[in-house]
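Results of the structural survey
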Amino acid sequence: AQSVTQLDSQVPVFEEAPVELRCNYSSSVSVYLFWYVQYPNQGLQLLLKYLSGSTLVKGINGFEAEFNKSQTSFHLRKPSVHISDTAEYFCAVSDLGTGRRALTFGSGTRLQVQP
Amino acid sequence: KAGVTQTPRYLIKTRGQQVTLSCSPISGHRSVSWYQQTPGQGLQFLFEYFSETQRNKGNFPGRFSGRQFSNSRSEMNVSTLELGDSALYLCASSTGGDEQFFGPGTRLTVL
């Protein structure tokens, strides 16, 4: 079984400040890792994904994440946030190579960017 | 390419009724997954269909069912609705690879 923990339910930050959203996972098998963003009244949009290779992954809108196998973490970072980044962010995992596409999500982190 | 479309976008039903939600995947995508999103339970996997076959199922009661048609369009059905079924139901499609593309969701309210 897999589980994903997003330690911070809300993260307030001022515009142009850096931000880190934390994600830890637990799994008995190797996993793919994802970060999704959800804007109000919309579906989920993929920000970035880690499948293999370089542990530093770059995504859309200036976001990046680093996979740390020893700490089972996949924290999301952005060096300078904008008002438009205000949204809910979800970390997710899926089984590697089983053919099953079920995503296990964390509980989400609401990023609130203040002017 | 058009994205994943879900119909209807909003739905209001009463307890005991049944409901059918529809999802049209991105052209060429053969895998469709369904998720339920609620404030209390968050995002939970319901089931996945690939080439008209259910390939994976989450931990939901039998009142929740789905199917996929030969054109990859999928429907999910919830029978005997309960108040707790009020949620945003999200559909995601993929080629069968690692990335899933989500639709805007159907917001179901059960009164």
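Before reading on, note that the structure itself is shown above.
Treat the numbers as computed from the prediction; the structure is a model and nothing was measured.

1. Comments concerning the interface of chain B and chain A
- Across the contact, 20 residues belong to chain B and 18 residues belong to chain A.
- Here chain B packs against chain A, burying approximately 1600 Å² in sum over the two surfaces, 50% of which is carbon and sulfur.
- Where chain B meets chain A, there are one salt bridge.
- A salt bridge links Glu99(B) to Lys49(A), with the shortest nitrogen-to-oxygen separation between them at 3.1 Å.
- Scanning the region where chain B abuts chain A turns up four residue pairs in polar contact (both at pLDDT 80 or more).
- Secondary-structure elements contributing two or more residues to the side of chain B that touches chain A are strand E4 (31-38), strand E5 (42-50), strand E6 (53-57) and strand E9 (87-94) of chain B.
- Classifying every residue of the side of chain B that touches chain A gives seven nonpolar, eight polar and five charged.

2. What to know about the side chain of His75(A)
Residues and elements named next belong to chain A.
- In this fold, His75 is placed in strand E9 (residues 73-78).
- Of the residues examined, His75 reaches a relative accessible area of 14% and is grouped as buried.
- Every residue in contact with His75, bar those within four places of it in the chain, is listed here: Glu20, Leu21, Arg22, Cys23, Asn24, Trp35, Glu64, Ala65 and Glu66.

Scoring rules and cut-offs
- Residues numbered from 1 in each chain as written.
- Chains lettered and ligands numbered in written order.
- Predicted model: local features only at pLDDT ≥ 70, side-chain atom pairs only at ≥ 80, totals over all residues.
- Heavy atoms only, no water.
- Contact = heavy atoms within 4.5 Å.
- Buried area = accessible area lost by both parts, 1.4 Å probe.
- Salt bridge = Lys/Arg side-chain N within 4 Å of Asp/Glu carboxyl O.
- Polar contact = N/O pair within 3.5 Å; in protein donor to acceptor, adjacent residues only side chain to side chain.
- Helix = DSSP H or I, 4+ residues; strand = E, 2+ residues; numbered from the N terminus.
- Nonpolar A, V, L, I, M, F, W, Y, C, P; charged D, E, K, R; others polar.
- Buried < 20%, exposed > 50% of the residue type's maximum accessible area, 1.4 Å probe, protein only.

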